[in-house]
Amino acid sequence: QVQLAESGGGLVQVGDSLRLSCTYSGRYTMGWFRQAPGKEREFVAAIIRNGMNPRYADSVKGRFTLSRDNIKRIVYLQMNYLKPDDTAIYYCAASNSWSSSATIEEYAYWGRGTQVTVSS
């Protein structure tokens, strides 16, 4: 059974940075999604098994960086220049897909989420 555990969320100010981490078991394409109050869960970023060519949502491109350490089995989401619109619960997810999918349905395994709040 795949086990995912997010950490690193918190309350920050506009323009600040945070790094989210997700520990995982197995070897999967890993993704981050987020869900703001009253909104649907949306894709943030994904990275394939070898860590090459991460994929980003347009809303975070240039501000967020996704990486993974397959030895430690940790995925990192470095979030810079945070905005109030980034406020959400961030979920780590694992997919059997061989591509960096942005489709929620392709992710079979999910963590419990970590709250990120960006205050203006």
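Preceding this section is the structure that the text describes.
Residues numbered from 1 in each chain as written. Predicted model: local features only at pLDDT ≥ 70, side-chain atom pairs only at ≥ 80, totals over all residues. Heavy atoms only, no water.

**Brief notes about the pattern of salt bridges**
Phase 1: What the rule picks out here adds up to four salt bridges.
Phase 2: For Arg34, the salt bridge goes to Glu42, with nearest N and O atoms at 2.7 Å.
Phase 3: Exposure remark for Arg34: the relative accessible area of 5% places this residue in the buried category.
Phase 4: One salt bridge connects Asp86 with Arg63, and the closest N-O pair in it is separated by 2.7 Å. Note that Asp86 is positioned in the loop between strand 8 (74-79) and strand 9 (88-95) and Arg63 in the loop between strand 6 (55-56) and strand 7 (64-69), a separation of 23 residues in sequence. Across the pair, Arg63 and Asp86 agree in class, each one buried.
Phase 5: Each of the salt bridges in this network shares a partner with another, and the network as a whole consists of Arg34, Glu42, Arg63 and Asp86. (Salt bridge = Lys/Arg side-chain N within 4 Å of Asp/Glu carboxyl O. Buried < 20%, exposed > 50% of the residue type's maximum accessible area, 1.4 Å probe, protein only. Helix = DSSP H or I, 4+ residues; strand = E, 2+ residues; numbered from the N terminus.)

**Observations concerning the pairing of strand 5 (residues 42-47)**
Sheet faces and side chains relate simply in a regular strand, where the side chains alternate between the two faces.
Phase 1: A large share of strand 5 lies buried, amounting to five of its six residues.
Phase 2: Taken together, the five bridges between strand 4 (residues 29-35) and strand 5 define a ladder with antiparallel strand orientation. Of the residues in strand 5, the one forming a bridge with Phe33 is Phe43.
Phase 3: Counted along the chain from strand 4 to the antiparallel partner strand 5, the turn is six residues long, and its residue Gly38 has a positive phi close to 75 degrees.
Phase 4: In the sheet, strand 5 pairs with strand 6 via two bridges, with the strands oriented antiparallel. Note that in strand 6 the partner of Ala45 across the bridge is Tyr56. (Pairing = 2+ DSSP bridges.)

**Brief notes about the nonpolar core**
Phase 1: With 34 residues, the main nonpolar core has Met30, Trp32, Leu77, Met79 and Tyr90 as its most contacted residues.
Phase 2: If you list the elements that add at least two residues to this core, you get strand 3 (18-24), strand 4, strand 5, strand 7, strand 8, strand 9 and strand 11 (114-119).
Phase 3: Apart from the residues within four sequence positions on either side, Leu77 is in contact with Leu18, Arg19, Leu20, Trp32, Val44, Ala45, Phe64, Thr65, Leu66 and Tyr90. (Core = buried A, V, L, I, M, F, W, Y, C linked by side-chain atoms within 4.5 Å. Contact = heavy atoms within 4.5 Å.)

**What to know about the side chain of Ser101**
Phase 1: With respect to the helices, strands and loops of the structure, Ser101 is situated in the loop between strand 9 and strand 10 (107-110).
Phase 2: Polar side-chain contacts of Ser101 include one of 3.4 Å to the side chain of Glu106.
Phase 3: The contact partners of Ser101, leaving out residues within four places of it in the chain, are Phe43, Ala46, Arg55, Glu106 and Tyr107. (Polar contact = N/O pair within 3.5 Å; in protein donor to acceptor, adjacent residues only side chain to side chain.)

**Describing the sheet that holds strand 3**
Phase 1: Taken in spatial order, the four strands of this open sheet run 1-3-8-7, and their pairing is antiparallel. Taken across any chain shown, the strands that pair with only one partner, and hence form the sheet edges, are strand 1 (4-7) and strand 7. Put simply, the sheet's adjacent strands are angled 15 degrees from each other on average, direction ignored.
Phase 2: Pairing between strand 1 and strand 3: four bridges, direction antiparallel. By the bridge assignment for strand 3, Ala5 is matched with Thr23. (Axes fitted to C-alpha atoms, helices over the stretch in contact; angles between N-to-C directions.)

**Description of unusual backbone geometry**
Phase 1: A positive phi angle, close to 45 degrees, is found at Asn53, a residue other than glycine.
Phase 2: A relative accessible area of 62% means that Asn53 is categorised as exposed.
Phase 3: Even without a glycine there, the phi angle at Arg73 is positive, about 60 degrees.
Phase 4: Note that Arg73 resides in the loop between strand 7 and strand 8.
Phase 5: Arg73 sits in the partly exposed class, given a relative accessible area of 39%.

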